[in-house]
Amino acid sequence: MREMVELAMDRIVRHIESLPEQPMHATRGGKRVARSLREPLPERGVPYEKLLRKLFGKLIPMSLNTASPGYMGYIPGGGLFHAAVADLIADAVNRYVGVFQAAPLLVQIEANVIAWFCAMLGLPEGSGGILTTGGSLANLVAVITARRERLPPDFLRGTLYASEEAHHSVTKAALLAGFPPEAVREIPVDGRFRMRVDAAAEAVARDRARGLSPFLLVASAGTTGTGAIDDLPALAGLAEAERLWLHVDAAYGGFFALTERGRAAMRGIERADSVTLDPHKSLFLPYGTGCLAVRDREALRRAHALSASYMPPMQAEDDLVDFCAISPELSRDARGLRVWLPLKMHGASVFRAELDEKLTLARGAAGALRQMAHLEVVAEPELSLLAFRARPPGVDDGPALDALNRRLLARVNAKQRVLLTGVVAGGRFLLRMCILSFRTHADRVDAALADVASSLAEVLGELRDGPLSPAREGDQPGGTDDD
Ligand SMILES: *Cc1c(COP(=O)(O)O)cnc(C)c1O
């Protein structure tokens, strides 16, 4: 055992130490190589060291470098090593946390983690929740719980409301929860990409007049596209007036509530009936940890509790929890440990300081971008995500400008120091910069700004030399074709 871990450790340390120098993306040819890996179930074992060599020499490098300090695409997380160690411990001891009585103290530790999150959000006594594998699953459990709480068993008259900038996992959750696509009302956004509260109120009134049953309002606290935070106090007021379940999707933004500025930006989140958080985003954990926090934890129990003759007795005291009775899962990993260990080792203050630094870096980056000629910041950072685009004179705002910006993005990413991704919002193609990894500091943000400036000069130079050909590199990084 010791030798296995030490050999792996050797590779891991070398890998993590070289992260800053590794390329940002190396997925070209991925389709061909992936197909070449297909093989029948091996009958005989292969030496461990050979497999380690294959993993670290071949399988891992062909990827987007999502753990790099330069990774500012989509929503970064980083992957705290402390959580990886907690996973090793949890998997090696293999205790069972689906029911309280099988490992009461490990279950309590996971319940503590969720209680910390509820307190951070300002949810009252009686709140609770579950750790999921990610935000999508948390949104799914939220939609199903809201459906069970607010609609009859025959629920097909139910309608739900989310902005056109909401994460697509909300619609996916509604479909998986049994609703037809028409049940999901896409509410238009304002100039800051926030849900228009007047439009939401009108949509609810229109549906009620038609005899439908509005039951769920989904607000975003940090949209994935541009980082917009919906007007949570106003939406909470609408939800109360219309007796709608208010779910806040804070998968990206949630843990900024640890900071003063983040709390101010997300004021009103404490009025939610449920909140999605993603520790694998703004708490820097490795992929595989989401959370659903619910104002009334009994709602989760009502939506999930079932028993069977082979199951042990569930806890009757309401301060103790059987996770299988409040979630879709029964057997699963002891995922509370990966959250608990880093938080206990560092204390919240370290996370708060890290998140505060990201807020400051994003504001600084927006300021620097605003100073660049022919560039406009389209979405200012509410938290640590901003969106911008080139806007040189003489290019029509439409497909030509979008093509130029796709080219700009490809140029930035081709330099391999940072990885940005794009988004279409309000009908325009935008570059976005999400500063969220615990490994990302001022030096790498400066590199990003320098690469944007030099790429912009290159693209504008080509523009002067003649009409643009389509961007050869593709607009999003990580193409897997051979060319
Ligand atoms: C990332 C994200 C999700 C989905 O979460 P996963 O953990 O990727 O499943 C949902 N909502 C928002 C706002 C997100 O940023």
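Residues numbered from 1 in each chain as written. Predicted model: local features only at pLDDT ≥ 70, side-chain atom pairs only at ≥ 80, totals over all residues. Heavy atoms only, no water.

J.: What should I look at first to understand the sheet that holds strand β5 (residues 245-250) in this one?
T.: The strands making up a sheet associate through hydrogen bonds between their backbones, and the pairing can be parallel or antiparallel. Taken together, the seven strands give an open sheet; going across it, the order is β1-β7-β6-β5-β4-β2-β3, and neighbouring strands pair in mixed fashion. At either end of the open sheet lies a strand with only one pairing partner, and these are β1 (128-132) and β3 (184-187). Within the sheet, the average angular offset between the axes of one strand and its neighbour, ignoring direction, is 20°. With five bridges joining them, strand β4 (residues 213-220) and β5 adopt parallel strand pairing. Within β5, the residue paired with Leu216 across the bridge is Trp245. Contacts between helix α12 (residues 297-304) and the sheet are confined to β1, β5 and β7 (290-294), with β7 contributing the most and set at about 110° to the helix. (Pairing = 2+ DSSP bridges. Helix = DSSP H or I, 4+ residues; strand = E, 2+ residues; numbered from the N terminus. Axes fitted to C-alpha atoms, helices over the stretch in contact; angles between N-to-C directions. Contact = heavy atoms within 4.5 Å.)

J.: What exactly am I supposed to notice about the pattern of salt bridges here?
T.: Two side chains carrying opposite charge are able to pair once their charged atoms lie near each other. Applying the stated criterion to the full structure yields 28 salt bridges. Each of Arg407, Arg411, Lys415, Glu458 and Glu462 takes part in salt bridges that share partners, so that together they form one network. (Salt bridge = Lys/Arg side-chain N within 4 Å of Asp/Glu carboxyl O.)

J.: I tried to follow the side chain of Arg389 on my own but got confused; where do I start?
T.: The topology assignment puts Arg389 in strand β9 (residues 385-390). Exposure remark for Arg389: the relative accessible area of 1% places this residue in the buried category. Polar contacts involving the side chain of Arg389 include one to the side chain of Glu376, which spans 2.6 Å. Among the polar contacts listed, one links the side chain of Arg389 to the side chain of Asp397, at a separation of 3.0 Å. Excluding anything up to four places from it in sequence, Arg389 contacts His374, Leu375, Glu376, Val378, Asp397, Leu401, Asn405, Arg428, Phe429, Leu430 and Leu431. (Buried < 20%, exposed > 50% of the residue type's maximum accessible area, 1.4 Å probe, protein only. Polar contact = N/O pair within 3.5 Å; in protein donor to acceptor, adjacent residues only side chain to side chain.)

J.: In this structure, what is going on with the site of the ligand? I would like to understand it.
T.: In the region of the ligand, 15 residues are neighbours, and Gly135, Ser136, Asp249, Asp278 and Lys281 sit closest. Gly135 places a main-chain nitrogen or oxygen 2.7 Å from an oxygen atom of the ligand. Between Thr224 and the ligand, the recorded distance is 2.8 Å, taken from a side-chain N or O atom to an oxygen atom. With the chains in place, 86% of the 380 Å² that the ligand exposes on its own is no longer accessible. Broken down by secondary-structure element, the contributors of at least two residues to the shell around the ligand are α6 (135-150) and α11 (279-282). Sorting elements by how many residues they give to the shell around the ligand places α6 first, with three residues. Residue composition of the shell around the ligand, by class: three nonpolar, nine polar and three charged. (Near = heavy atom within 4 Å. Areas by Shrake-Rupley, 256 points an atom, 1.4 Å probe, with all protein chains shown as cover. Nonpolar A, V, L, I, M, F, W, Y, C, P; charged D, E, K, R; others polar.)

J.: What should I look at first to understand the packing of helix α1 (residues 2-17) against helix α3 (residues 48-59) in this one?
T.: Packed helix pairs are characterised by how far apart their axes lie and by the angle those axes make with each other. Relative to each other, α1 and α3 sit at 15°, their axes nearing to 11 Å. Taken together, the axes of α1 and α3 lie roughly parallel to each other. Classified by chirality, the crossing of α3 by α1 is right-handed. Between α1 and α3, the residues in contact are Met4, Leu7, Ala8, Arg11, Ile12 and His15 and Tyr48, Glu49, Leu52, Arg53 and Phe56, respectively. (Parallel < 35°, antiparallel > 145°, perpendicular 65-115°, else oblique. Left-handed = near helix turned anticlockwise from the far one by under 90°.)

J.: So what exactly am I meant to see when it comes to the packing of helix α5 (residues 104-121) against helix α13 (residues 336-346) here?
T.: Packing of α5 against α13 brings their axes to within 9 Å, and their N-to-C directions diverge by 65°. For the element pair α5 and α13, the recorded crossing hand is left-handed. Note on element contacts: α13 touches α5 through Gly336, Val339, Trp340, Leu343 and Lys344, opposite Ile109, Glu110, Val113, Trp116 and Phe117. For the contact of α5 with α13, the residue count by class is seven nonpolar, one polar and two charged.

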